[in-house]
Amino acid sequence: MLGWFQALMPKEERFFELFVRHATIVVAGAEALRGLLQGGDDIEHYCRQIFEREAEADEVTRQVLTAVRRTFITPFDRTDIQDLATLMDDAIDQMNKTAKTITLFEVRSFEPQMQQMGEIILQASKLVLEAVPLLSAIGRNAGRLNALTEQIIRVEEQADQIYDQGRKALFLASRQGNAQGIGQGNGQGNAQGNAMGFIIGAELYDHLENVVDRFEDVSNEINSLVIDHL
């Protein structure tokens, strides 16, 4: 009897509006991250943009979690709503950590592979933005949602390859720099500088990979929703 009653009750549709707003903010953060990874004089500007978008995303997440507590009938399981909002927030949190690392260590130029990962992050964020409005009618949109989640998985796999290539190039450049420094008689100073550059570069690659991984988590959550509602 309770199940029939719940089925007849109107469901709160504001969640979908919040999801779209959240995903739009994440795309804006990804666009700023891509600009940041181009280097140059606008680094501080793009870092500020990412910091601002992260704060906006936190506020939307708070609104979603509050709405979950206050809504009698939700469009799908409360835990799924919370998970989807939190995972999207995790993605922009990782962008924020990347920008903080760049600010902390005063990085001014970025490897081509880092820039490629920035492009992939933006691509993944746009796929999520396309997917979340479709959740308002999962049954009707199941095919398109499955296609979008598959695309996100493919770009995540591409990012993994670029991550490995970038870290390998970073290591080779560091090793080569050390060898040249020793040959020139000032190996200790160059070795320290190259080691620090490798450590900072490796940390940036890890942050960027974490951003992409969070989009994979969002994709998996969306895929679970589709399966549950078919």
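Since we're looking at a predicted model, the values are computed, not measured.

## Re the overall build of the protein
Okay, so step 1: Scanning the protein from N- to C-terminus turns up 7 helices and 0 strands.
Okay, so step 2: Overall, the protein shows an N-to-C arrangement of helices and strands of α-α-α-α-α-α-α.
Okay, so step 3: Across the protein, contacts joining residues at least 24 apart in sequence account for 85% of those joining residues at least 6 apart.
Okay, so step 4: Surface exposure of the protein reaches about 11,600 Å², of which carbon and sulfur atoms provide 50%.

## Quick look at the pattern of salt bridges
Okay, so step 1: Enumeration according to the criterion identifies 9 salt bridges in this entry.
Okay, so step 2: Linking Arg214 and Asp217 is a salt bridge whose minimum nitrogen-to-oxygen distance equals 2.8 Å. On the criterion of helical spacing, the pair formed by Arg214 and Asp217 is a turn pair, its members being 3 residues apart in helix H7 (residues 187-228).
Okay, so step 3: With a relative accessible area of 25%, Asp217 lands in the partly exposed category.
Okay, so step 4: Counted as one network, the salt bridges with shared partners bring together Glu52, Arg53 and Glu56.

## Some remarks on unusual backbone geometry
Okay, so step 1: At Glu106, a residue that is not glycine, the phi angle is positive and equals roughly 55°.
Okay, so step 2: You can see Glu106 is positioned in the loop between helix H4 (78-104) and helix H5 (112-131).

## Comments concerning the packing of helix H2 (residues 14-36) against helix H3 (residues 43-70)
Okay, so step 1: With their axes 9 Å apart at the nearest point, H2 and H3 run at an angle of 165° to one another. As summarised for this structure, H2 and H3 are arranged roughly antiparallel, according to the angle between their axes. Relative to H3, the crossing made by H2 is left-handed.
Okay, so step 2: For the contact of H2 with H3, the per-class residue count stands at 17 nonpolar, 6 polar and 4 charged.

## Quick notes on the environment of Leu33
Okay, so step 1: Following the sequence through the fold, Leu33 ends up in helix H2.
Okay, so step 2: Residue Leu33 is classed as buried on the basis of its relative accessible area, which comes to 0%.
Okay, so step 3: Distance from Leu33 to Met95, taken between C-alpha atoms, is 7.0 Å for residues 62 residues apart in sequence.
Okay, so step 4: Those residues in contact with Leu33 that sit more than four places away from it in its chain are Ile50, Met95, Thr98, Ile121 and Leu208.

Conventions adopted
- Residues numbered from 1 in each chain as written.
- Predicted model: local features only at pLDDT ≥ 70, side-chain atom pairs only at ≥ 80, totals over all residues.
- Heavy atoms only, no water.
- Helix = DSSP H or I, 4+ residues; strand = E, 2+ residues; numbered from the N terminus.
- Contact = heavy atoms within 4.5 Å.
- Areas by Shrake-Rupley, 256 points an atom, 1.4 Å probe, with all protein chains shown as cover.
- Salt bridge = Lys/Arg side-chain N within 4 Å of Asp/Glu carboxyl O.
- Buried < 20%, exposed > 50% of the residue type's maximum accessible area, 1.4 Å probe, protein only.
- Axes fitted to C-alpha atoms, helices over the stretch in contact; angles between N-to-C directions.
- Parallel < 35°, antiparallel > 145°, perpendicular 65-115°, else oblique.
- Left-handed = near helix turned anticlockwise from the far one by under 90°.
- Nonpolar A, V, L, I, M, F, W, Y, C, P; charged D, E, K, R; others polar.

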